[in-house]
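Letter by letter, the chains look like this.
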Amino acid sequence: MKLSSQTNLGIVTLLFLAFTALSVAELRELQLNASEAVTLQAEKSALVYKSAVAQQVSVSPQNERLALETLTESAVAQPYISVASVIDADGKEVLSAKALSEDTLPSWYSLIDPSPSNTKRVPLYNSENNLVLTASKSTIASKFVAVLIKNSAAFLALAVLLSLFVIITNRRIKRPLDDTVKKLNEIGSHNFTSPELTASSKDFKPLTEAANTLANTLSSKFDELKRQSALFKKEASKDSLTMLANRGAFERHMRALLNENATAQEKELIIVRLAHLGSINTKLGMVPGDNYIKSVANILVEETKNNHNVRFVFRLSGGDFALISEAMEGAARELMLTNLAKQCASVSPLRDGTKAIFMGITRFVGTMSMPQIMESVDSALITAMKTQNGWQLASEISKVHSNTQWRERLNYIVSQQYADIMIQPVMNTDQNVPAYYEASGRFKDKDTNDVIPMAQLIPASERLDLIPQVDKLVTTIVLKKLEVTSQQVAVNLSIASIANAEFRDWLIKEIANRKTLSHRLFFEVEDAALIQYREVTESLCRQLINIGCGITIERFGDNFSSLSGLRAIQPQFVKLSGRLTQGIHTNKDNQLFVSSLISIAKGLNIKVIAEMVENEAESVALNKLGVDHQQGYYFAKPSLWNVY
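Summary of the structure given here.

Cut-offs and rules
- Residues numbered from 1 in each chain as written.
- Predicted model: local features only at pLDDT ≥ 70, side-chain atom pairs only at ≥ 80, totals over all residues.
- Heavy atoms only, no water.
- Helix = DSSP H or I, 4+ residues; strand = E, 2+ residues; numbered from the N terminus.
- Buried < 20%, exposed > 50% of the residue type's maximum accessible area, 1.4 Å probe, protein only.
- Pairing = 2+ DSSP bridges.
- Axes fitted to C-alpha atoms, helices over the stretch in contact; angles between N-to-C directions.
- Contact = heavy atoms within 4.5 Å.
- Core = buried A, V, L, I, M, F, W, Y, C linked by side-chain atoms within 4.5 Å.
- Salt bridge = Lys/Arg side-chain N within 4 Å of Asp/Glu carboxyl O.
- Phe/Tyr/Trp six-rings, centres within 6.5 Å; stacked < 30°, edge-to-face > 60°.
- Lys NZ or Arg CZ within 6 Å of the ring centre and 35° of its normal.
- Right-handed = clockwise from strand over helix to strand, strands pointing away.
- Expected span 1.5 Å × (residues − 1).
- Arc of directions from axis to C-beta.

Bringing the environment of Lys-283 into the picture now. One can find Lys-283 in helix H7 (residues 277-283). The exposed category is assigned to Lys-283, whose relative accessible area is 61%. Separated by 67 residues in the primary sequence, Lys-283 and Leu-350 place their C-alpha atoms 9.6 Å from one another.

Here's what the structure looks like:
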């Protein structure tokens, strides 16, 4: 109810109580007046009778009766008298007279005044008779009605005037409140440029000053966040290991090329894949593997400097690089590829005689789509792994080759209903125990029995709409393992699976059927899902939380647009983007930016996880910032989950 309505209701209630009290008081006064009028009239009538009788020497019965009749008729003609009676010494009525104007008493008046009518009895001079006068209740009732009408009119007029006064006063009072609410709404919309509020009275000065201070404080913080965000986006376009442009930059660059005029000159995309990287990491460790990646990156950068055809180089992921060049003649291209193969082989720590790199090449123009180009180059890359020289031009093979092979490989994986599950702990650094373990699937090729790199498997699964099937498989295996272990484990849900209604229904039913396991099961969801498929993502996460599962939002900090989704879901954890945490002990800008993100998360009562923590210095810096949940090679590498 509005404040003005509440005030008016209070005023009406008070006026009603005052009206009732005043009416009761006036009724009592009318009753008192009637009683006094009856008493005075009785005494006056007795005196009149005495004067009339005293003047006569003897009074005959006829004259006495005539005098009494005259007396009673005269009495009932007076106000407030309804009945005048003469009674003898035995109490018998000798005669009586009733007022002609006496009306029937309203029934409602009998409810408020149930007492008998007031009477006055006086003796008559020189007689055994007594005069009895009875007050008129109908007269009191009629006068009381007039009083009620008068009071109602007065109080109604007063209520109208007071209501108008309240409305006008409330409008004046609410004006600074409305201005403040408007200011706060503008702040909520990130508009900090509206004029400062001015107080209409001293009472509202603290409120307007607080709103102005809040706007100025948030404006400065928001500007700083935007600056940090712009800086982070710039840094986020770089690969932290090689300092080359990363996959995000590659995709943006490709989209820009494809948006150019469709008649633009042909260009070439070359994907370079390091064949030895997995073996180097396994046999020699991560440091030699990282050094190998940096050496190859330097070779590719030098190629862009020395070869006028090659314009851009990107590190896509793991051991995959991309080169974008102008269309080349066959001889020039072969010379370049041969040179790259030799140089990359020379920097490889492994000398086992196998190919150090594989390269797939495809030509493209502005009329092609990104999926078409990636499918074509992927097809060439797979074929290159079987060629003698280690490279393949897509135009020289069937374009369906890649999809056909990948579909066979993925269908085989799904049909086997088996995968190796790797787990990596998310450590609670305060207690030095795992908060939970992040699980991921590792799948082997049916022909070679080698592990298929996720950098290859995920794009192929997305292209063939098989991601939900892969996520189903991993989730099913994790649930089976949870039945025989007490660990808490998280499963990654891809955006494609979240967008798939059939997968969502399957997941909810599967977890509901194993509700005893739900309190040990987490699901990690990319924050991009809260932007691309906000409604279904929020709905799925809330359903999983209601069943008892935990939710972690990954890559927190990449997208500010996902913050409203965090408020709606209220996940248990958010996982900071790895680009922010790497090298954070030396990066002051990232420290400030991460500190702001932590404040946002903790303000929503959400715990923060830092991923990709690789050394003690990073861990200590994150602890100082308040991040007490961390994950990375500093604590443990992903390892095979054995529970049997």
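Strand order in the open sheet made by the four strands is S2-S1-S4-S3, with antiparallel pairing throughout. The strands lining the two open edges of the sheet, one partner per strand, are strand S2 (93-98) and strand S3 (119-123). The mean angle between the axes of side-by-side strands here comes to 15 degrees, regardless of whether they run parallel or antiparallel. Note that strand S1 (residues 81-87) and S2 share five bridges and pair antiparallel. From the neighbouring strand, Ile-87 faces S2, where its bridge partner is Glu-93.

Locating Ser-110 in the fold gives a position in helix H3 (residues 107-112). According to the relative accessible area criterion, Ser-110 is partly exposed, its value standing at 31%.

Glancing now at the pairing of strand S11 (residues 433-442). Two strands pair when backbone bridges link them, and strand S10 (residues 420-428) and S11 are joined in this way by nine bridges, in the antiparallel orientation. If you follow Gln-424 over to S11, its bridge partner there is Glu-438. Counting the residues between successive antiparallel strands, the hairpin from S10 to S11 contains four residues, one of them, Asn-432, with a positive phi of roughly 55 degrees. As paired elements, S11 and strand S12 (residues 489-493) share three bridges and run parallel to each other. Along S12, the bridge assignment pairs Ala-439 with Val-491.

Mapping Glu-326 onto the fold places it in strand S7 (residues 320-326). On the accessibility criterion, Glu-326 (12% relative accessible area) is buried. Apart from the residues lying within four places of it in its own chain, the contact partners of Glu-326 are Gln-265, Glu-266, Lys-267, Glu-268, Asn-309 and Arg-311.

Here we take up the nonpolar core. Of all hydrophobic cores here, the largest spans 64 residues; its most connected members are Val-478, Leu-493, Leu-507, Ile-511, Leu-521, Phe-523 and Leu-544. Considering each element in turn, this core owes the most residues, seven residues, to helix H13 (residues 467-482). If we ignore the near neighbours within four places in the chain, the residues touching Leu-493 are Asp-471, Ile-498, Phe-503, Leu-507, Phe-523, Glu-524, Val-525, Leu-540 and Leu-544. In terms of nonpolar packing, the next biggest core, distinct from the first, is built from 28 residues, Ile-270, Ile-299, Val-313 and Ile-361 among them.

Applying the stated criterion across every chain yields a total of 20 salt bridges. In this structure, Lys-267 engages Glu-326 in a salt bridge whose closest nitrogen and oxygen atoms are separated by 3.1 Å. Residue Lys-267 is located in strand S5 (residues 267-274), and its partner Glu-326 is located in strand S7; the two are separated by 59 residues in the primary sequence. Each of Glu-266, Glu-268, Arg-333 and Arg-363 takes part in a single network of salt bridges with overlapping partners.

Before going further, it helps to spend a moment on the packing of aromatic side chains. Under the criterion given, the structure shown has nine aromatic pairs. Note on Trp-108 and Phe-144: the rings are 6.3 Å apart at their centroids and 35 degrees apart in plane angle, and the pair reads as tilted. In this pair, Trp-108 sits in helix H3 while Phe-144 sits in helix H4 (residues 137-188), placing the two residues 36 residues apart along the sequence. With relative accessibility at 5%, the residue Phe-144 sits in the buried group. Relative to Phe-635, the ring of Tyr-634 has its centre 5.0 Å away and its plane inclined at 70 degrees; by these criteria the two rings are edge-to-face. Residue class for Phe-635 comes out partly exposed when judged on its relative accessible area of 26%. Linked through ring pairs, Trp-108, Tyr-109 and Phe-144 together constitute an aromatic cluster. Here the guanidinium or amino end of Lys-481 rests over the ring plane of Trp-641, the centre of that ring lying 5.8 Å away. A cation over a ring is seen here: Lys-637 above Tyr-633, with NZ or CZ 5.8 Å from the ring centre.

Attention now moves to the pairing of strand S8 (residues 357-364). Within S8, seven of the eight residues are buried, which leaves the element mostly enclosed by the surrounding structure. Handedness of the crossover joining S8 and strand S9 (residues 391-393) through helix H10 (residues 370-384): left-handed.

The mixed open sheet is built from five strands, whose spatial order is S6-S7-S5-S8-S9. In the strand order of this sheet, the two ends are held by strand S6 (310-317) and S9, each with one partner. Each strand axis lies, on average, 20 degrees off the axis of its neighbour in the sheet, ignoring direction. Sheet topology note: the S8/S9 ladder contains three bridges and is parallel. Paired with Gly-360 across the strands is Gln-392, a residue of S9. This element, helix H6 (residues 247-258), spans S5, S6, S7 and S8 of the sheet and lies at about 135 degrees to S6. Of the strands in this sheet, S5, S6, S7 and S8 touch helix H8 (residues 286-306), which is tilted by about 160 degrees from S6.

For H8, spanning 21 residues, the distance from its first C-alpha to its last is 30 Å, which sits close to the expected 30 Å at 1.5 Å a residue. Of all the residues in H8, the buried ones are Gly-289, Tyr-292, Ile-293, Val-296, Ala-297, Ile-299, Leu-300 and Glu-303. The buried side chains of H8 occupy one side of the element, clustering within an arc of 155 degrees when seen end-on. Exposed residues on H8 whose side chains face more than 90 degrees from its buried face are Val-287, Lys-305 and Asn-306. In this structure, the buried residues of H8 make contact with S5, H7, S6, S7, helix H9 (330-347) and S8.

The quantities given are spatial measurements derived from coordinates; they are silent on function.
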